[in-house]
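Secondary and tertiary structure notes
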2 protein chains.
Amino acid sequence: MKLGPGIARTKLPQGFFVSGINSGVRKYRPDLGVITSDYPMTAAGVFTQNEAKAACVHWSKGLLPSNDIKVVITNSGQANAATGAEGVFNNKQMAKSCAEVFECDAQQVLTASTGMIGVQLSIDLITKAMPELRARLTDSAEPFANAILTTDLVPKTVSTAIKLSQGEVVLTGIAKGSGMIHPNMATMLGYLMSDVKLNIYEAQTYLKNAVDESFNMISVDGDTSTNDSAFLLCNGASGVELVTDEDKTIFSQTLIEVCQLLAKAIARDGEGATKLIEIKLTGAADKKLAKQAARGLTMSPLIKSAVHGEDSNWGRILARLGAEGVPAEDLSKMILKMQGEIIFENGAPAAFDRDKLRSLLRSDTVFVDIELPHPDKNIDVMAWGCDLSKKYVEINAEYST
Amino acid sequence: MKLGPGIARTKLPQGFFVSGINSGVRKYRPDLGVITSDYPMTAAGVFTQNEAKAACVHWSKGLLPSNDIKVVITNSGQANAATGAEGVFNNKQMAKSCAEVFECDAQQVLTASTGMIGVQLSIDLITKAMPELRARLTDSAEPFANAILTTDLVPKTVSTAIKLSQGEVVLTGIAKGSGMIHPNMATMLGYLMSDVKLNIYEAQTYLKNAVDESFNMISVDGDTSTNDSAFLLCNGASGVELVTDEDKTIFSQTLIEVCQLLAKAIARDGEGATKLIEIKLTGAADKKLAKQAARGLTMSPLIKSAVHGEDSNWGRILARLGAEGVPAEDLSKMILKMQGEIIFENGAPAAFDRDKLRSLLRSDTVFVDIELPHPDKNIDVMAWGCDLSKKYVEINAEYST
């Protein structure tokens, strides 16, 4: 399984169609897209934990889970967050005008927005663009994947076939990460589509589980957006259901893998990023602490800067693990590896070859392995981040005006 | 009250003497200092919460509070953290050799270290330097303030007289923040000295309270050091005790002010910083959440980058407050000001003058005021941070070798 080509065709599951166009909100780039299906979709959603939620997040959260979704519409350029009552009205308007053109009820339309916080949606432009959105429907993922980008450098798509006991289904994922033309844009959006037949309970459970192991384990800068949303959309077009335990395991695992692939692509494409950082933490005594510690490493500006400088700087890793609350006792028994080389064990620095490690760090992916002394508990977590470059500061210090 | 001149004389309370010399651990700069007193000192300490504590932190924590401290010794360049049993031995050795020269027991010597994590103390150089440390004792703060710096750009001292019912006492503070010559150095050290006569209970209580309102409310990059330590040292040389409630309030308030002045100086001198950010959050419903939210703003790379770019970017402030858990209801009633200008109120952006605000942001201090809608609860908190510049990345991406 690998990321889609981005410029060519990434297969959609049967019965799914998407489009992506320029509505005029942004100058040149596509800024409005839909996902729809010949068949009603069973849909689940997972949303930002931020108390300041965008109007679209409240709307979609209020409709899910559902077994009767017809369209997901998404605009980029304007986040419709911190926009008060007018924002709520505009979001409803977007769903309504979409429903008219796609011949369904507004309650069958999910909405998502990404872009500048605190500016009102250009709802007239969006409404006017609906017929074109319908006219341009296609069966490859790219037009939609491009329409939801802000300043991500590459569109992010992945598609895979899954063999189940009753037959084969297709799972396709599309995502965007954080990029900035105008600052304030930093939204994670993820769309998972399949022609498998799921009930709403299954859809919600599998999605929540997959998001926890993927999108929720990446960090570009530790700032949580007002608009983060991930959707699982299943139209049952294959007629294939999850009947055996093996089916459930295979589907659930593949969903996790697809989400992780997209999540890693988002981290690698973080603002100003030049390297993906992959943290693997094993042998922890407590899952919550393990996740917090692994994510903590991906959020440390000191570690991110060191990785940017292709420097090992393991002292910063140890200090951050301690700051996150990993017990001193565990740290003294920890084995810490970078790029597979042991650099700390038995409570003291290992005698590693600095020149060798430095050359290994000249890679576009940096692997940090932390082995804590409780392998019997079977707690393994992964997290992903990116390095911190001068480019990040440059992008985010630009005027929003 | 203002910061000491740095290059000249900052007054010590009566009976206090300090020195600072080059022991050879660092090439040219002073790297070893002591604080001592003619009279035994009542001493209290507050230390890093990091699970990975340096050897000196365990040592000093084990001795405090005490009414019989004679010397505080501090070295810079080597943090003596993550150094295993050898580090513990070397720290004990530092205390012992210091005790011999200053004619006391090792248990009367507090130790602190700042510098590179994971390298052993150059204990021979440090031991050899003890006689010179004693020979060079002086009654102004600067030699010690300089010896504890890593790459802080300026030494940080402050001194003030306090009028109490029984007479006048002097309170002098010295601190260092985070700077990097070798990466991995990021330690906050604070020393508060007074000739007031306190018991150990008073010393511990006043120090803890002052640290919570000052050093614990600053952030340069969100990474907690293995070595952070703050000490309050009182030698009683003035004979003045805190007898009335007013005495207690005055002393306690002055201690907070001195610590805040030093804390702000540390934030302003953060790595690569060009601006101090001061957050004032009032009208919150919950103190813990208020502190977390205010600190969260000082830790956001997006906000820090925007301040660096002299941009208001209030959407990032709102998003971070929401991410920290400030209820949506409170955010919708919040008044948000930057440099005194209202930029968000009644749940929507205010009609502020962008050009005026931009010119106000061209200042070396940026004030962010957040007024939440529960002024009746009387919860006001302050926090300080600094902007994020390309220089920060440059400093921290350098090789540690």
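No experiment lies behind these values; they were computed from the predicted model shown. (Residues numbered from 1 in each chain as written. Chains lettered and ligands numbered in written order. Predicted model: local features only at pLDDT ≥ 70, side-chain atom pairs only at ≥ 80, totals over all residues. Heavy atoms only, no water.)

**Description of the overall build of chain A**
- What chain A contains, in helices and strands, is 13 helices and 15 strands.
- The C-alpha atoms of chain A give a radius of gyration of 22 Å, which matches the 21 Å a tight globule of 401 residues would have.
- Taken over the C-alpha atoms alone, chain A extends approximately 70 × 55 × 35 Å along its principal axes.
- Accessible surface, chain A: about 14,600 Å² in total, of which carbon and sulfur atoms supply 49%. (Helix = DSSP H or I, 4+ residues; strand = E, 2+ residues; numbered from the N terminus. Rg over C-alpha atoms; globule rule 2.2 N^0.38 Å. Areas by Shrake-Rupley, 256 points an atom, 1.4 Å probe, with all protein chains shown as cover.)

**Some remarks on the sheet that holds strand β11 (residues 335–338) of chain A**
All names here are of chain A.
- The strand order across the open sheet built from seven strands is β8-β15-β10-β14-β11-β12-β13, with neighbouring strands paired in mixed fashion. Only two strands of the sheet have a single neighbouring strand rather than two, namely β8 (218–219) and β13 (348–349).
- Note that β11 and strand β14 (residues 365–371) share four bridges and pair antiparallel. Bridge pairing in β14 places Ile335 opposite Glu371.
- Each of β8, β10 (276–282), β14 and β15 (381–386) touches helix α8 (residues 287–299); the most contacted strand, β15, lies at about 15° to it. (Pairing = 2+ DSSP bridges. Contact = heavy atoms within 4.5 Å. Axes fitted to C-alpha atoms, helices over the stretch in contact; angles between N-to-C directions.)

**Notes on the sheet that holds strand β10 (residues 276–282) of chain B**
All names here are of chain B.
- As summarised here, the arrangement of the seven strands in space is β8-β15-β10-β14-β11-β12-β13, forming an open sheet in which the pairing is mixed. Unpaired on one side and paired on the other, β8 (218–219) and β13 (348–349) mark the two borders of the sheet.
- Sheet analysis places β8 next to strand β15 (residues 380–386), joined by two bridges and oriented parallel. Across the sheet, the residue bridging to Ile218 is Trp384, located in β15.

**Describing the relation of the copies chain A and chain B**
- Of the transformation placing chain A onto chain B, the axial shift is 0.0 Å and the rotation is 180°, giving an RMSD of 0.0 Å. The transformation just described matches what one would write down for a two-fold rotation axis. Within chain A, the C-alpha atom positioned nearest to the axis of rotation is that of Lys390(A), 2.4 Å from it.
- With an isologous cut-off of 70% or more, the 98% of interface residues of chain A that recur at the interface of chain B puts this contact in the isologous class. (Least-squares fit on C-alpha atoms with pLDDT ≥ 70 in both.)

**Comments concerning the pattern of salt bridges**
Residues and elements named next belong to chain A.
- For the structure shown, the criterion picks out 30 salt bridges over all chains.
- Across the pair Glu324 and Arg320 runs a salt bridge, and its minimum N-O distance is 3.1 Å. Exposure class is identical for Glu324 and Arg320. Each is buried. (Salt bridge = Lys/Arg side-chain N within 4 Å of Asp/Glu carboxyl O. Buried < 20%, exposed > 50% of the residue type's maximum accessible area, 1.4 Å probe, protein only.)

**Structural notes on the confidence of the model for chain A**
All names here are of chain A.
- Across chain A, pLDDT averages 88, with 94% of residues at or above 70.
- Across residues 179–185 the pLDDT falls below 50, and counting only partners more than four positions away or on other chains, this stretch makes 37 contacts in the model.
- Here the predicted complex scores 0.79 on pTM and 0.74 on ipTM. (pLDDT = per-residue confidence, 0-100.)

**Describing unusual backbone geometry**
All names here are of chain A.
- Of the consecutive residues Leu64 and Pro65, the connecting peptide bond is found in the cis state with omega at -5°.
- With a phi close to 60°, Asn378 is a non-glycine residue in the positive phi region.
- Along the chain, Asn378 turns up in the loop between β14 and β15.
- Taking the relative accessible area as the measure of exposure, Asn378 reaches 66% and is therefore exposed.

**Some remarks on the nonpolar core**
- Leu192(A), Phe215(A), Leu281(A), Leu321(A), Ile370(A), Tyr191(B) and Leu233(B) are the most contacted members of the largest nonpolar core, which has 121 residues in total.
- Core analysis: the second largest hydrophobic core is formed by 119 residues, Ala129(A), Leu164(B), Met188(B) and Leu318(B) among them. (Core = buried A, V, L, I, M, F, W, Y, C linked by side-chain atoms within 4.5 Å.)

**Topic: the interface of chain A and chain B**
- Each partner contributes residues to the interface: chain A has 57 residues there, and chain B has 56 residues.
- Summing both sides of the interface, chain A and chain B together bury roughly 4,500 Å²; the carbon and sulfur share of this comes to 57%.
- Between Glu394(A) and Lys390(B) there is a salt bridge; the shortest N-O distance is 2.8 Å.
- Where chain A packs against chain B, one counts two residue pairs in polar contact (both at pLDDT 80 or more).
- Every element with two or more residues in the side of chain A that touches chain B is listed here: α9 (301–308), α10 (314–323), α11 (328–332), β13, α12 (354–360) and α13 (390–397) of chain A. (Buried area = accessible area lost by both parts, 1.4 Å probe. Polar contact = N/O pair within 3.5 Å; in protein donor to acceptor, adjacent residues only side chain to side chain.)

**What about the pairing of β10(B)?**
Residues and elements named next belong to chain B.
- Most of β10 is tucked away, with six of its seven residues classed as buried.
- Judged from the seven bridges that link them, β10 and strand β14 (residues 365–371) form a sheet pairing that is parallel. Paired with Leu281 across the two strands is Ile370, which belongs to β14.

**Some points on the packing of helix α6 (residues 200–212) of chain A against helix α7 (residues 245–268) of chain A**
Residues and elements named next belong to chain A.
- Remark: α6 packs on α7, axes separated minimally by 9 Å, with the N-to-C direction vectors making an angle of 45°. The orientation of α6 with respect to α7, classified from their angle, is oblique. For the pair α6 and α7, the sense of crossing is right-handed. Facing α6, whose interface residues are Glu202, Tyr206, Leu207, Asn209 and Ala210, α7 presents Lys248, Phe251, Ser252, Leu255, Ile256 and Cys259.
- Broken down by class, the residue content of the contact of α6 with α7 amounts to seven nonpolar, two polar and two charged. (Parallel < 35°, antiparallel > 145°, perpendicular 65-115°, else oblique. Left-handed = near helix turned anticlockwise from the far one by under 90°. Nonpolar A, V, L, I, M, F, W, Y, C, P; charged D, E, K, R; others polar.)

**Quick notes on helix α13 (residues 390–397) of chain B**
- Those residues of α13(B) lying buried are Tyr392(B), Val393(B), Ile395(B), Asn396(B) and Ala397(B).
- Contact partners of the buried residues in α13(B): α9, α10 and α13 of chain A.

**Focus: the packing of aromatic side chains**
- Across all of its chains, the model carries ten aromatic pairs over all chains by this definition.
- Look at Phe144(A) and Tyr191(A): their rings are 4.8 Å apart centre to centre, the planes differ by 90°, and that puts the pair in the edge-to-face class. Taken together, the residues Phe144(A) in helix α5 (residues 142–147) and Tyr191(A) in strand β7 (residues 189–194) connect sequence positions 47 residues apart.
- Assessed through its relative accessible area of 0%, Phe144(A) is described here as buried.
- Judged by relative accessible area, Tyr191(A) falls into the buried class, the value being 0%.
- Plain terms: the ring middles of Trp314(B) and Phe344(B) are 5.2 Å apart, the flat faces sit at 35° to each other, and that makes the pair tilted. One end of the pair, Trp314(B), is in helix α10 (residues 314–323); the other, Phe344(B), is in strand β12 (residues 341–345), with 30 residues separating them in the sequence. (Phe/Tyr/Trp six-rings, centres within 6.5 Å; stacked < 30°, edge-to-face > 60°.)

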